[in-house]
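Fold and geometry: a report
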Amino acid sequence: MRDTPPKRVAIVGPGALGCLLATALCRIGGEEIWVLDHDSRRAALLQHSGLTLEYADRCEHFPIQATADARLIGPVDLVLLCVKSPALRRTLPSLLPLLTEKTLLLAWQNGIGHLPFLLGAQLPCALALAVTSLGAHLLGPGRVRFGGAGATTLGFLGEAPREARQALDGAAELLRLAGLEARVDKDILAQIWNKLLVNVGINALTAIYHCENGELLRKPEALGLMRAAVQEAAGVAQAKGIAIAPDPVARTIAVCRATASNISSMLQDVRQKRQTEIEAINGAVLEEAGRLGIPAPVNAELVDAVKSLEKTYFPG
Ligand code: PAF
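Residues numbered from 1 in each chain as written. Predicted model: local features only at pLDDT ≥ 70, side-chain atom pairs only at ≥ 80, totals over all residues. Heavy atoms only, no water.

1. Section: the pattern of salt bridges
Under the counting rule described, the total for this entry stands at 17 salt bridges. With a closest N to O distance of 3.6 Å, Glu215 and Lys219 form a salt bridge. (Salt bridge = Lys/Arg side-chain N within 4 Å of Asp/Glu carboxyl O.)

Rendered as C-alpha coordinates:
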(Lines give C-alpha, C1' and ligand atoms only; values in the text may rest on other atoms or scores of the structure.)
Protein backbone atom coordinates (compact mmCIF):
# COMPACT_ATOMS: atom_id res chain seq x y z
CA MET A 1 0.00 0.00 0.00
CA ARG A 2 1.24 3.50 -0.82
CA ASP A 3 1.77 5.77 2.15
CA THR A 4 -0.57 8.74 2.01
CA PRO A 5 1.20 11.93 3.04
CA PRO A 6 -0.73 14.15 5.47
CA LYS A 7 -2.56 17.14 3.99
CA ARG A 8 -2.83 19.54 6.93
CA VAL A 9 0.39 20.07 8.83
CA ALA A 10 1.24 22.38 11.74
CA ILE A 11 4.84 23.16 12.65
CA VAL A 12 5.06 24.24 16.26
CA GLY A 13 7.97 26.52 17.12
CA PRO A 14 9.62 28.62 14.39
CA GLY A 15 13.16 28.09 15.65
CA ALA A 16 15.96 26.95 13.35
CA LEU A 17 14.63 23.41 12.80
CA GLY A 18 10.96 24.46 12.68
CA CYS A 19 11.66 27.09 10.01
CA LEU A 20 13.82 24.69 8.00
CA LEU A 21 11.10 22.01 8.02
CA ALA A 22 8.40 24.57 7.19
CA THR A 23 10.34 25.84 4.16
CA ALA A 24 10.97 22.26 2.97
CA LEU A 25 7.23 21.48 3.18
CA CYS A 26 6.23 24.78 1.53
CA ARG A 27 8.41 23.82 -1.42
CA ILE A 28 6.25 20.76 -2.21
CA GLY A 29 3.04 22.78 -2.47
CA GLY A 30 -0.41 21.20 -2.29
CA GLU A 31 -0.44 20.72 1.49
CA GLU A 32 -1.85 23.21 3.96
CA ILE A 33 1.09 24.24 6.11
CA TRP A 34 0.79 26.32 9.28
CA VAL A 35 3.33 27.64 11.76
CA LEU A 36 2.19 27.94 15.39
CA ASP A 37 4.25 30.29 17.56
CA HIS A 38 3.66 31.20 21.24
CA ASP A 39 4.83 34.73 20.40
CA SER A 40 1.91 36.51 18.69
CA ARG A 41 4.07 39.42 17.43
CA ARG A 42 6.51 37.09 15.75
CA ALA A 43 3.61 35.01 14.35
CA ALA A 44 2.16 38.21 12.81
CA LEU A 45 5.58 39.02 11.34
CA LEU A 46 5.89 35.55 9.78
CA GLN A 47 2.34 35.73 8.41
CA HIS A 48 3.19 39.10 6.86
CA SER A 49 6.76 38.48 5.64
CA GLY A 50 6.98 34.68 5.21
CA LEU A 51 10.05 32.49 5.69
CA THR A 52 13.49 32.85 4.14
CA LEU A 53 15.88 29.95 3.67
CA GLU A 54 19.51 30.95 3.08
CA TYR A 55 22.12 28.80 1.38
CA ALA A 56 25.78 29.79 0.88
CA ASP A 57 24.99 31.06 -2.64
CA ARG A 58 21.25 31.87 -2.74
CA CYS A 59 18.06 32.59 -0.80
CA GLU A 60 14.57 31.16 -1.17
CA HIS A 61 11.46 32.85 0.09
CA PHE A 62 8.12 31.24 1.06
CA PRO A 63 4.81 32.77 2.13
CA ILE A 64 3.49 31.00 5.23
CA GLN A 65 0.36 30.95 7.36
CA ALA A 66 1.37 31.67 10.95
CA THR A 67 -0.55 32.30 14.15
CA ALA A 68 -0.23 32.16 17.94
CA ASP A 69 -3.76 30.78 18.28
CA ALA A 70 -4.11 27.07 17.54
CA ARG A 71 -7.92 27.48 17.33
CA LEU A 72 -7.41 29.39 14.07
CA ILE A 73 -5.69 26.33 12.64
CA GLY A 74 -8.01 23.65 14.03
CA PRO A 75 -7.42 19.90 13.73
CA VAL A 76 -4.49 18.80 11.57
CA ASP A 77 -3.18 15.45 10.30
CA LEU A 78 0.39 16.00 11.45
CA VAL A 79 2.04 18.19 14.08
CA LEU A 80 5.81 18.69 13.91
CA LEU A 81 6.62 19.71 17.48
CA CYS A 82 9.90 21.61 17.14
CA VAL A 83 10.09 23.67 20.34
CA LYS A 84 13.10 22.97 22.53
CA SER A 85 12.75 20.68 25.54
CA PRO A 86 12.50 23.44 28.18
CA ALA A 87 9.45 24.91 26.36
CA LEU A 88 7.45 21.66 26.15
CA ARG A 89 5.49 22.02 29.38
CA ARG A 90 4.30 25.48 28.40
CA THR A 91 3.58 24.50 24.79
CA LEU A 92 1.67 21.24 25.03
CA PRO A 93 -1.65 22.60 26.44
CA SER A 94 -1.78 25.22 23.66
CA LEU A 95 -1.75 22.49 21.00
CA LEU A 96 -5.03 20.85 21.99
CA PRO A 97 -7.12 22.49 19.21
CA LEU A 98 -4.78 20.85 16.66
CA LEU A 99 -5.16 17.33 18.00
CA THR A 100 -7.74 14.64 17.32
CA GLU A 101 -7.40 10.86 17.60
CA LYS A 102 -6.37 10.90 13.92
CA THR A 103 -3.53 13.39 14.41
CA LEU A 104 0.07 12.24 14.60
CA LEU A 105 2.26 14.31 16.93
CA LEU A 106 5.92 14.07 15.95
CA ALA A 107 8.35 15.33 18.62
CA TRP A 108 11.80 16.57 17.44
CA GLN A 109 13.54 17.51 20.70
CA ASN A 110 17.22 16.87 21.37
CA GLY A 111 18.22 14.68 24.29
CA ILE A 112 16.05 12.36 26.40
CA GLY A 113 14.72 14.77 29.04
CA HIS A 114 11.42 15.22 27.17
CA LEU A 115 10.53 11.53 26.98
CA PRO A 116 9.00 10.94 30.45
CA PHE A 117 6.97 14.15 30.16
CA LEU A 118 5.59 13.40 26.68
CA LEU A 119 4.87 9.76 27.48
CA GLY A 120 2.96 10.76 30.61
CA ALA A 121 1.04 13.59 28.91
CA GLN A 122 -2.21 11.68 28.15
CA LEU A 123 -2.43 13.04 24.63
CA PRO A 124 -5.62 12.62 22.57
CA CYS A 125 -3.50 11.48 19.58
CA ALA A 126 -0.62 9.18 18.62
CA LEU A 127 2.88 10.29 19.61
CA ALA A 128 6.02 9.49 17.61
CA LEU A 129 9.60 10.72 17.88
CA ALA A 130 11.95 12.18 15.30
CA VAL A 131 15.74 12.23 15.45
CA THR A 132 17.56 14.33 12.89
CA SER A 133 21.06 15.40 12.01
CA LEU A 134 19.83 18.18 9.69
CA GLY A 135 21.75 21.37 10.34
CA ALA A 136 20.03 24.76 10.65
CA HIS A 137 20.90 28.14 12.10
CA LEU A 138 18.29 30.78 12.90
CA LEU A 139 19.42 34.20 11.66
CA GLY A 140 16.34 36.15 12.74
CA PRO A 141 12.54 35.71 12.91
CA GLY A 142 11.61 33.40 10.01
CA ARG A 143 15.14 33.52 8.54
CA VAL A 144 17.08 30.29 8.64
CA ARG A 145 20.44 29.27 7.20
CA PHE A 146 20.71 25.73 5.85
CA GLY A 147 23.45 24.03 7.91
CA GLY A 148 23.81 20.76 6.01
CA ALA A 149 21.79 17.75 4.90
CA GLY A 150 21.35 14.90 7.37
CA ALA A 151 19.29 11.79 7.94
CA THR A 152 16.01 11.87 9.86
CA THR A 153 14.63 8.81 11.63
CA LEU A 154 11.07 8.47 12.91
CA GLY A 155 9.57 5.90 15.23
CA PHE A 156 7.23 5.01 18.08
CA LEU A 157 8.32 4.18 21.58
CA GLY A 158 6.59 0.83 21.94
CA GLU A 159 3.70 -0.64 19.99
CA ALA A 160 1.39 1.59 17.96
CA PRO A 161 -1.96 0.85 16.31
CA ARG A 162 -2.11 0.26 12.54
CA GLU A 163 -3.60 3.71 11.74
CA ALA A 164 -0.79 5.41 13.68
CA ARG A 165 1.83 3.33 11.86
CA GLN A 166 0.29 4.31 8.52
CA ALA A 167 0.28 7.96 9.60
CA LEU A 168 3.97 7.69 10.48
CA ASP A 169 4.77 6.12 7.10
CA GLY A 170 2.83 9.01 5.51
CA ALA A 171 4.86 11.54 7.52
CA ALA A 172 8.12 9.92 6.36
CA GLU A 173 6.86 10.02 2.76
CA LEU A 174 5.99 13.72 3.14
CA LEU A 175 9.50 14.49 4.41
CA ARG A 176 11.01 12.56 1.49
CA LEU A 177 8.79 14.49 -0.96
CA ALA A 178 10.20 17.62 0.68
CA GLY A 179 13.70 16.45 -0.26
CA LEU A 180 14.78 15.16 3.15
CA GLU A 181 16.30 11.78 3.87
CA ALA A 182 13.69 10.20 6.16
CA ARG A 183 12.88 6.68 7.28
CA VAL A 184 10.94 4.86 9.98
CA ASP A 185 12.96 2.78 12.46
CA LYS A 186 11.63 0.17 14.89
CA ASP A 187 14.22 1.00 17.55
CA ILE A 188 13.86 4.77 17.82
CA LEU A 189 15.21 4.72 21.39
CA ALA A 190 18.59 3.47 20.12
CA GLN A 191 18.59 6.27 17.51
CA ILE A 192 17.69 8.83 20.17
CA TRP A 193 20.61 7.63 22.34
CA ASN A 194 23.00 7.59 19.36
CA LYS A 195 22.23 11.26 18.77
CA LEU A 196 22.20 12.00 22.52
CA LEU A 197 25.77 10.69 22.83
CA VAL A 198 26.92 13.09 20.10
CA ASN A 199 25.12 16.01 21.78
CA VAL A 200 26.60 14.98 25.17
CA GLY A 201 30.08 15.32 23.66
CA ILE A 202 29.62 18.51 21.66
CA ASN A 203 26.90 20.87 22.86
CA ALA A 204 27.93 21.75 26.42
CA LEU A 205 31.62 21.98 25.50
CA THR A 206 30.99 24.41 22.62
CA ALA A 207 28.98 26.59 25.02
CA ILE A 208 31.70 26.42 27.71
CA TYR A 209 34.61 27.08 25.32
CA HIS A 210 32.47 29.45 23.24
CA CYS A 211 33.64 27.93 19.98
CA GLU A 212 32.48 26.30 16.76
CA ASN A 213 32.10 22.51 16.81
CA GLY A 214 35.34 21.83 14.90
CA GLU A 215 37.45 23.91 17.27
CA LEU A 216 36.82 21.42 20.09
CA LEU A 217 39.07 18.97 18.26
CA ARG A 218 41.96 21.45 18.40
CA LYS A 219 41.68 21.93 22.18
CA PRO A 220 43.27 18.94 23.98
CA GLU A 221 41.45 19.68 27.24
CA ALA A 222 38.05 19.90 25.51
CA LEU A 223 38.77 16.74 23.53
CA GLY A 224 39.60 14.87 26.76
CA LEU A 225 36.33 16.03 28.36
CA MET A 226 34.42 15.08 25.19
CA ARG A 227 35.79 11.53 25.25
CA ALA A 228 35.09 11.13 28.97
CA ALA A 229 31.54 12.57 28.80
CA VAL A 230 30.58 10.35 25.84
CA GLN A 231 32.11 7.25 27.47
CA GLU A 232 30.18 7.89 30.69
CA ALA A 233 26.91 8.31 28.75
CA ALA A 234 27.61 5.22 26.63
CA GLY A 235 28.12 3.24 29.87
CA VAL A 236 24.67 4.39 31.02
CA ALA A 237 23.09 3.37 27.69
CA GLN A 238 24.72 -0.07 27.87
CA ALA A 239 23.55 -0.54 31.46
CA LYS A 240 20.01 0.25 30.28
CA GLY A 241 20.30 -2.36 27.52
CA ILE A 242 20.03 0.20 24.70
CA ALA A 243 21.54 -1.04 21.44
CA ILE A 244 23.74 1.98 20.68
CA ALA A 245 26.00 1.96 17.60
CA PRO A 246 29.68 1.02 18.11
CA ASP A 247 32.36 3.56 19.01
CA PRO A 248 30.32 6.60 20.06
CA VAL A 249 33.49 8.65 20.71
CA ALA A 250 34.65 8.19 17.10
CA ARG A 251 31.12 9.07 15.87
CA THR A 252 31.11 12.25 17.98
CA ILE A 253 34.49 13.27 16.60
CA ALA A 254 33.25 12.54 13.06
CA VAL A 255 30.16 14.77 13.62
CA CYS A 256 32.43 17.49 15.03
CA ARG A 257 34.48 17.34 11.82
CA ALA A 258 31.43 17.19 9.53
CA THR A 259 29.84 20.20 11.29
CA ALA A 260 33.15 21.97 11.98
CA SER A 261 31.89 25.49 11.28
CA ASN A 262 28.51 25.02 13.03
CA ILE A 263 27.56 27.02 16.06
CA SER A 264 25.92 24.26 18.14
CA SER A 265 22.34 24.74 19.25
CA MET A 266 23.54 25.15 22.86
CA LEU A 267 26.03 27.84 21.99
CA GLN A 268 23.29 29.58 19.95
CA ASP A 269 21.08 29.45 23.07
CA VAL A 270 23.80 30.91 25.29
CA ARG A 271 24.56 33.66 22.78
CA GLN A 272 20.85 34.53 22.57
CA LYS A 273 20.59 34.36 26.40
CA ARG A 274 18.01 31.55 26.23
CA GLN A 275 17.53 28.58 28.53
CA THR A 276 19.68 25.74 27.15
CA GLU A 277 18.87 22.05 26.73
CA ILE A 278 21.56 21.03 29.26
CA GLU A 279 18.96 19.32 31.50
CA ALA A 280 17.62 17.26 28.59
CA ILE A 281 21.12 16.23 27.42
CA ASN A 282 23.94 15.89 30.00
CA GLY A 283 21.52 16.48 32.89
CA ALA A 284 19.28 13.58 31.80
CA VAL A 285 22.33 11.29 31.45
CA LEU A 286 23.39 12.28 34.96
CA GLU A 287 19.93 11.47 36.29
CA GLU A 288 19.89 8.04 34.61
CA ALA A 289 23.43 7.38 35.87
CA GLY A 290 22.33 8.25 39.42
CA ARG A 291 19.37 5.89 39.16
CA LEU A 292 21.70 3.08 38.05
CA GLY A 293 24.44 3.90 40.57
CA ILE A 294 26.96 4.68 37.80
CA PRO A 295 29.38 7.59 38.42
CA ALA A 296 29.26 10.35 35.79
CA PRO A 297 31.55 13.10 37.16
CA VAL A 298 32.38 14.67 33.80
CA ASN A 299 28.72 15.06 32.83
CA ALA A 300 28.12 16.55 36.30
CA GLU A 301 30.95 19.03 35.67
CA LEU A 302 29.49 20.02 32.26
CA VAL A 303 25.99 20.49 33.72
CA ASP A 304 27.36 22.73 36.49
CA ALA A 305 29.42 24.78 34.03
CA VAL A 306 26.50 25.38 31.62
CA LYS A 307 24.12 26.21 34.49
CA SER A 308 26.65 28.77 35.74
CA LEU A 309 26.69 30.28 32.25
CA GLU A 310 22.88 30.42 32.20
CA LYS A 311 22.88 32.13 35.62
CA THR A 312 24.90 35.04 34.22
CA TYR A 313 21.91 36.06 32.06
CA PHE A 314 19.00 34.03 33.44
CA PRO A 315 19.04 34.37 37.24
CA GLY A 316 15.64 32.61 37.65
O1 PAF B 1 22.60 20.50 18.59
C2 PAF B 1 23.35 20.67 17.62
O3 PAF B 1 23.90 21.75 17.40
C4 PAF B 1 23.58 19.51 16.66
O5 PAF B 1 22.84 18.43 17.12
C6 PAF B 1 25.04 19.11 16.47
C7 PAF B 1 25.10 17.72 15.85
C8 PAF B 1 25.83 19.14 17.75
C9 PAF B 1 25.69 19.99 15.42
O10 PAF B 1 25.84 21.31 15.77
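That was the structure; now back to the text.
2. So, the domain arrangement of the protein
Taken as a whole, the protein is organised into domain 1 (8-186) and domain 2 (189-311). In this structure, domain 1 and domain 2 have C-alpha centres spaced 24 Å apart. With 19 residues of domain 1 at the contact, the number on the domain 2 side is 21 residues. Of the roughly 1600 Å² buried between domain 1 and domain 2, counting both surfaces, carbon and sulfur atoms make up 61%. By the criterion of area lost to domain 2, the three top residues of domain 1 are Lys84, Asn110 and Ile112, representing 37% of everything that side buries. For the pair domain 1 and domain 2, the number of links is one salt bridge. Here Asp269 ties to Lys84 by a salt bridge, and the two come within 2.8 Å at their closest N and O atoms. Remark: the boundary between domain 1 and domain 2 carries seven residue pairs in polar contact (both at pLDDT 80 or more). Secondary-structure elements contributing two or more residues to the side of domain 1 that touches domain 2 are strand E8 (126-132) and strand E9 (135-140). Of the residues in the side of domain 1 that touches domain 2, the class split is eight nonpolar, eight polar and three charged. (Domains from an automatic or database assignment. Contact = heavy atoms within 4.5 Å. Buried area = accessible area lost by both parts, 1.4 Å probe. Polar contact = N/O pair within 3.5 Å; in protein donor to acceptor, adjacent residues only side chain to side chain. Helix = DSSP H or I, 4+ residues; strand = E, 2+ residues; numbered from the N terminus. Nonpolar A, V, L, I, M, F, W, Y, C, P; charged D, E, K, R; others polar.)

3. A few points about the site of the ligand
Taken together, the residues surrounding the ligand are Asn110, Lys195, Asn199, Ile202, Asn203, Asn213, Val255, Asn262, Ser264 and Ser265. The side chain of Asn199 places a nitrogen or oxygen atom 3.0 Å from an oxygen atom of the ligand. Between the ligand and Asn262 there is a distance of 3.4 Å, counted from an oxygen atom to a side-chain nitrogen or oxygen. Here the ligand loses 86% of its free accessible area of 280 Å² to cover by the protein chains. A per-element tally of the shell around the ligand places helix H7 (residues 188-209) first, with four residues. (Near = heavy atom within 4 Å. Areas by Shrake-Rupley, 256 points an atom, 1.4 Å probe, with all protein chains shown as cover.)

4. Examining the pairing of strand E10 (residues 143-148)
Here strand E3 (residues 51-54) pairs with E10 via three bridges, running parallel. What sits directly across from Thr52, in E10, is Arg143. When E9 meets E10, the two strands line up antiparallel, connected through five bridges. Bridging from a neighbouring strand, Gly140 pairs with Arg143 of E10. Between E9 and E10, which follow one another and run antiparallel, lie two residues, and Gly142 among them has a positive phi close to 75°. (Pairing = 2+ DSSP bridges.)

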